[in-house]
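Residue-level structural notes
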Amino acid sequence: MKLDRGFFKFLSIGLISSWLVLFVFFPNLLVVITSFLTRDPVDLVAAQPSIDSYARTFDWLYLQVLWDSLKMSLLATFACLLLGYPFAMAVASLSKRWQAIMLFLLIVPFWTNSLVRTYAIQFMLGKHGLINQFLLFSGIIDKPLDLLYTQFAVILGLCYILLPFMIFPLYSSLEKLDTRLYKAATDLGANSWSRFRLITIPLTLPGIVAGCLMVFLPSMGMFYIADLLGGAKNLLLGNVIKTQFLNTADWPFGSAFSVIMMLLLGAMLWLYYRATRYVSKKGGIDGADF
Amino acid sequence: MARISKALYLTILMLLLYVPIFILVVNSFNASKYGIKWTGFSTKWYEKLVQNDALIQAALNSLTVSIIAATMATVIGTLAAVALYRYDFKGKKFLSGMVFVSMLTPDIVMAIALLIVFITLGISLGFISLLIAHITFCLPFVIIAVYARLNDFDKRMILAARDLGASEWRIFRLVILPLILPAVVSGWLLSFTLSLDDVIVSAFVTGPGYEILPLKVYSMVKVGVSPEVNAISTILLVVSLLIVIASQLIVRKDKTL
Amino acid sequence: MTELRPLLSLNHLSKAFAGNQVLQDFNMTIYDGEFFTLLGPSGCGKSTVLNLIAGMETADTGDIILLEQDISQIPAEQRPINTVFQSYALFPHMTVFDNVAFGLKMRKLPKAEIKQRVNEALEMVQLAHLASRKPAQLSGGQQQRVAIARAVVNRPKLLLLDESLSALDYKLRQQMQIELKRLQRKLGITFVYVTHDQEEALAMSDRVVVMNQGKIQQVGTPREIYEEPNSLFVAKFIGEINQLEGEIVSVDGQQSYEVKVEEQRWRLHAEHSFSVGDKVNVLLRPEDLRVEYIEADHPDKFLVGTIVERTYKGKTLDSLIRLSSGAELMASEFFDEDDPSFDYRPNQKVAVNWVAGWEVVLPYEA
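For the structure given in this document, a descriptive report is provided here. Quick caveat: nothing in here was measured; it's all calculated off a predicted structure. (Residues numbered from 1 in each chain as written. Chains lettered and ligands numbered in written order. Predicted model: local features only at pLDDT ≥ 70, side-chain atom pairs only at ≥ 80, totals over all residues. Heavy atoms only, no water.)

So, the overall build of chain C
Of the regular secondary structure elements, chain C holds eight helices and 20 strands. Counting only C-alpha atoms, chain C reaches 80 × 45 × 40 Å along its principal axes. Burial statistics for chain C: of 366 residues in total, 51% are counted as buried. Sequence separation of 24 or more characterises 65% of the internal contacts of chain C that already satisfy a separation of 6 or more. The centroid of the 39 positive side-chain charges in chain C is displaced by 10 Å from the centroid of its 51 negative side-chain charges. (Helix = DSSP H or I, 4+ residues; strand = E, 2+ residues; numbered from the N terminus. Buried < 20%, exposed > 50% of the residue type's maximum accessible area, 1.4 Å probe, protein only. Contact = heavy atoms within 4.5 Å. Lys, Arg positive; Asp, Glu negative; His and termini not counted. Charge placed at Lys NZ, Arg CZ, Asp CG, Glu CD.)

Set out below in structure tokens:
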């Protein structure tokens, strides 16, 4: 029996450990290493240490590209937050039954192919797409608008695909919010705006950070959204990285971008950790019992 | 008043989420080639799909990868969740940290990392590399789903089973597995759709010799709007919808029991 | 209380939730400076009364007069009333100081004044040294005090306490009862306390109102409520009580009756008026009973029975006595170490008596 216990434990832990080490830890380590190497036309990467890739990231030309792509992701994140917060609040205030229905309706897009949904947006935005047709028909415009292949289209597409990822964490932190605190704040003279500003927002900070994390980071990588909706001009970071890897074959440079994204992930996770600490417990002066 | 505006807001946003999909589906039955005007009901784009051998092959490839990847991810992920739940061992924190990070890692970062590792290890890009990549990004979802389920039940049950003389394997098969089965099944379903829908990772780690459906659709879409894409998209949507409904039913039914 | 100045009157309040009438024609007056307690089982409507006073709910009909001003239409955040909540409802993301300062900030007082008043309030509850802590770093009792400070710092006309001590353990609760009472005297603020714990209500209040099913059963000082309950409900809700059935045999004059209880006739005192033949309940508090150990024959004017069970409770010895009719009585006597016969054995025959006039006679209820 002891032997069998050992074997089961060994099998289950061994399997997952080796998988994660081999295909998660080791690859990420390689990315970091690669980012500090030099490009080689034949072997892709030469074993020559260099911080050239990072230096180039801060090159003016790339900074511009970087900023343009980051801007779209940031705007999309912000738009998702603005749209998603009232949405999550409204859902959280519904009856349990309706909450379940709304959550189900939000889960469905998560399970459906995002490429197909991006394509659906492309279809809507085109010169002869439904939006233009509608606007022409109703006489608001007399010439079709150039909706497709704009920054706006990319941002819209990102919002469309990623909105549920913003709403879920927001909803879960709003749902956890103790409504008795509202009662207490009202009792102490806070009106609805003060309650929102001083209670709701601070206490849902973890949800806000988590939502932003789950929208902002993936949004940078969704190259197909930029491809389908942004055309050749409006690139996301993912397009830049993809070009570096698959077309230009500049691995160290692409890896540097990837490392920067992981650092961003780390920073946002740290923020999330701080936010959770802020709302739950500690903070203030620890053990200041004088 | 506040109630009405709330309901209105929810409705509008939901409509915005669903209308594009709906129009896409409707248009896949539009006889018109350009999908601008409705020129009559037709299933000809679906008929064309069936005749597109390359697309059919890509779809079969995708199904193969997704089924195997989902199954492997579910087996490894379930064992991992049980191990993380039951045992204390060195490096447990590190392991669960990796699970967490790999779930949050943006697809593109994972894609790059895997591409580099495949090249370094000399794994040729194609079926095997795709499979490994898909298992890797499905794993954390299975682990977390199963772990959450395990956390729901009383740990003393396992102690009781051991007290009654059950072997480790039997505890797993007779006590743990039946209890976590709903989570395992929905983990499989989620893995399957994640795998079937993936574009970003696959674009990096597949080779020219092994075409899969999302990438095929991607290249078709990039070229421009074609009614065939509407048809294949509709099929993918319906498949996803069936799967998500199945998964929800499993969870729901499990809750009422 | 020398001068009774009405502070708050509730007039003809009624409130229904989803067709369920919680309060109907509810009237009550609370005087300035008193410690007033709403006591009743859960679901009796006491929390609704509190919510109506605080402004968290609006009454369907009736009005609420605070210092001659109708406040029923004033929103909760503008009423000069504060609450200490059952779960404290401290803001978890704010320090103790910021929690206490919240109400003053909402009133946009100058910073210096806020600081001074918060510090005073914290001083008063002996928590000044923990001002920079967050609620989660405090013990239950400390959190309780923060909640009190947060409410009283606003100098409300009325302080509502909603089952405020129920989350504390027994010992701490008793300590807080004394502290609350002391605080109330010191501040001179009118306290309206809601509880389902009768012991707490008796210990702290100047006046108690006992509620049941949305109606007032009895209002009075703790002593009146305990000693002169006006209904079986109040008698049973406020502490243990023995209940015997009886019948009025003759009316002897003002509030004095001859009653047949347990096949014997007794001369009893009653606040109610009865006529001959009325069935009554005779209620006796366990601590009012005197138990005497007897050998065989029993003298007249005693209830006779046998000891069924004894429970040693430290201060008292509780005996369960079965009378010959089958009715059971609980007697609770102070332990007397010098009395050798005090420790009754099971099956011991005993005679039970009580001080004349300490019984409560009420109309019969099942």
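Some details on the overall build of chain B
When its secondary structure is counted, chain B shows eleven helices and zero strands. Counting only residues that meet the buried cut, chain B has 53% of its 257 residues in that class. In chain B, of all internal contacts separated by at least 6 residues, the share reaching a separation of at least 24 is 73%. Put simply, chain B shows about 11900 Å² of open surface, and 70% of that area lies on carbon and sulfur atoms. (Areas by Shrake-Rupley, 256 points an atom, 1.4 Å probe, with all protein chains shown as cover.)

Observations regarding the packing of helix 5 (residues 114–125) of chain A against helix 7 (residues 151–176) of chain A
When two helices pack together, their arrangement is captured by the angle between the axes and the distance separating the axes. Residue and element names in this part refer to chain A. At their nearest, the axes of helix 5 and helix 7 sit 10 Å apart, and the two run at 140° to each other. One element, helix 5, and the other, helix 7, form an angle in the oblique class. As for how helix 5 packs across helix 7, the hand of that crossing is right-handed. Contact residues: Ser114, Arg117, Thr118, Ile121 and Leu125 in helix 5; Ala153, Leu156, Tyr160 and Ile161 in helix 7. Looking at the contact of helix 5 with helix 7, its residues break down into six nonpolar, two polar and one charged. (Axes fitted to C-alpha atoms, helices over the stretch in contact; angles between N-to-C directions. Parallel < 35°, antiparallel > 145°, perpendicular 65-115°, else oblique. Left-handed = near helix turned anticlockwise from the far one by under 90°. Nonpolar A, V, L, I, M, F, W, Y, C, P; charged D, E, K, R; others polar.)

Section: the interface of chain A and chain C
Across the contact, 30 residues belong to chain A and 28 residues belong to chain C. For chain A, the biggest contributors to the area lost against chain C are Lys183(A), Asp187(A) and Leu188(A); these three give 29% of the whole. Inspection of the chain A/chain C interface yields zero salt bridges. Here chain A is connected to chain C by six residue pairs in polar contact (both at pLDDT 80 or more). Broken down by secondary-structure element, the contributors of at least two residues to the side of chain A that touches chain C are helix 8 (180–187), helix 9 (192–203) and helix 13 (251–279) of chain A. No other element matches helix 8 of chain A, which puts seven residues into the side of chain A that touches chain C. Looking at the side of chain A that touches chain C residue by residue, the class counts come to 14 nonpolar, eight polar and eight charged. (Buried area = accessible area lost by both parts, 1.4 Å probe. Salt bridge = Lys/Arg side-chain N within 4 Å of Asp/Glu carboxyl O. Polar contact = N/O pair within 3.5 Å; in protein donor to acceptor, adjacent residues only side chain to side chain.)

A word on the sheet that holds strand 2 (residues 20–31) of chain C
All names here are of chain C. Spatially, four strands are ordered 2-1-4-5 in an open sheet, and the strand pairing comes out antiparallel. Looking at the sheet topology across the chains shown, the edges are occupied by strand 2 and strand 5 (69–70). Helix-sheet contacts for helix 1 (residues 46–54) involve strand 1 (6–17), strand 2 and strand 4 (61–66), and the interaxial angle to strand 1 is about 115°. (Pairing = 2+ DSSP bridges.)

Details of the arrangement of the chains
By number of contacts, the leading pair among the two pairs of chains in contact is chains A and B. Chain B makes no contact with chain C; the smallest distance between any of their C-alpha atoms is 17 Å.

Some points on the pattern of salt bridges
All names here are of chain C. Tallied over the entire structure, the rule returns 21 salt bridges over all chains. The partner of Arg207 in a salt bridge is Glu34, and the shortest N-O contact between them spans 2.9 Å. Of this pair, Arg207 sits in strand 9 (residues 207–212) while Glu34 sits in the loop between strand 2 and strand 3 (35–39); the two residues are 173 residues apart in sequence, bridging distant segments of the chain. On the basis of relative accessibility, which here comes to 17%, the residue Arg207 falls in the buried class. The shortest N-O distance in the salt bridge between Arg267 and Asp252 comes to 1.4 Å. Linking Arg267 in strand 13 (residues 264–269) with Asp252 in strand 11 (residues 242–253), this pair joins segments that are 15 residues apart in sequence. Here Arg267 falls in the exposed class, since its relative accessible area comes to 53%. One network of salt bridges, in which partners are shared, links Arg173, Asp197 and Glu200.

Structural notes on unusual backbone geometry
All names here are of chain C. Not every positive phi belongs to a glycine, and Ala89 is a case in point at roughly 50°. Positionally, Ala89 belongs in the loop between strand 6 (81–84) and helix 2 (96–106). Residue class for Ala89 comes out buried when judged on its relative accessible area of 3%. Phi at Glu163 is positive, roughly 45°, even though this residue is not glycine.

Comments concerning the sheet that holds strand 6 of chain C
Residue and element names in this part refer to chain C. Taken together, the six strands give an open sheet; going across it, the order is 6-7-8-3-9-10, and neighbouring strands pair in mixed fashion. Looking at the sheet topology across the chains shown, the edges are occupied by strand 6 and strand 10 (215–220). The average angle at which neighbouring strand axes cross in this sheet is 20°, direction not considered. Note that strand 7 (residues 158–162) and strand 8 (residues 190–195) share five bridges and pair parallel. Of the residues in strand 8, the one forming a bridge with Leu161 is Tyr193. Contacts from helix 5 (residues 170–187) reach strand 3, strand 7 and strand 8, with the element oriented near 155° to strand 8.

Concerning the interface of chain A and chain B
With 79 residues of chain A at the interface, the matching set in chain B holds 88 residues. Summed over both sides, the interface between chain A and chain B buries roughly 7600 Å², with carbon and sulfur atoms accounting for 83% of that surface. Linking chain A to chain B there are zero salt bridges. Applying the counting criterion to the chain A and chain B interface returns eight residue pairs in polar contact (both at pLDDT 80 or more). Looking at which element gives the most residues to the side of chain A that touches chain B, the answer is helix 1 (residues 2–35) of chain A, with 23 residues. Of the residues contributing to the side of chain A that touches chain B, the split by class is 58 nonpolar, 15 polar and six charged.

What about a nonpolar patch on the surface?
Residues Val21(A), Phe25(A), Leu29(A), Ile33(A) and Phe94(B) make up a contiguous nonpolar surface patch of roughly 420 Å² in combined accessible area. No other element matches helix 1 of chain A, which puts four residues into the nonpolar patch. Residue classification places Val21(A) among the partly exposed residues on the basis of a relative accessible area of 36%. (Patch = residues over 30% accessible without salt bridge, like charges linked within 9 Å, V, L, I, M, F, W, Y side chains within 5 Å.)

Let's talk about the packing of aromatic side chains
Overall, the coordinates contain 27 aromatic pairs over all chains when judged by the stated rule. Geometrically, the ring pair formed by Phe8(A) and Trp169(B) is tilted, given 6.3 Å between the ring centres and 50° between the ring planes. Of the two residues, Phe8(A) is situated in helix 1 and Trp169(B) in helix 8 (residues 168–197); the pairing between them involves two chains. Using a relative accessible area of 4% as the deciding quantity, one classes Phe8(A) as buried. Among the aromatic residues, those joined into a ring-pair cluster are Phe223(A), Tyr224(A), Phe245(A), Trp251(A), Phe204(B) and Tyr218(B). When the ring centre of Phe223(A) is taken as reference, the NZ or CZ atom of Lys242(A) above it lies at 4.7 Å. One residue, Arg285(C), lies across the ring of Tyr226(C), its end atom 4.0 Å from the ring centre. (Phe/Tyr/Trp six-rings, centres within 6.5 Å; stacked < 30°, edge-to-face > 60°. Lys NZ or Arg CZ within 6 Å of the ring centre and 35° of its normal.)

Here's the deal with the packing of helix 11 (residues 223–230) of chain A against helix 10 (residues 213–223) of chain B
Relative orientation of the contacting elements helix 11 of chain A and helix 10 of chain B amounts to 25°, with a least axis distance of 9 Å. On the basis of their axis angle, the class for helix 11 of chain A and helix 10 of chain B is roughly parallel. As helix 11 of chain A runs across helix 10 of chain B, the sense of the crossing is left-handed. The segment helix 11 of chain A lies against helix 10 of chain B, with Phe223(A), Tyr224(A), Asp227(A) and Leu228(A) engaging Tyr218(B), Val221(B) and Lys222(B). Here the contact of helix 11 of chain A with helix 10 of chain B is built from residues that sort into five nonpolar, no polar and two charged.

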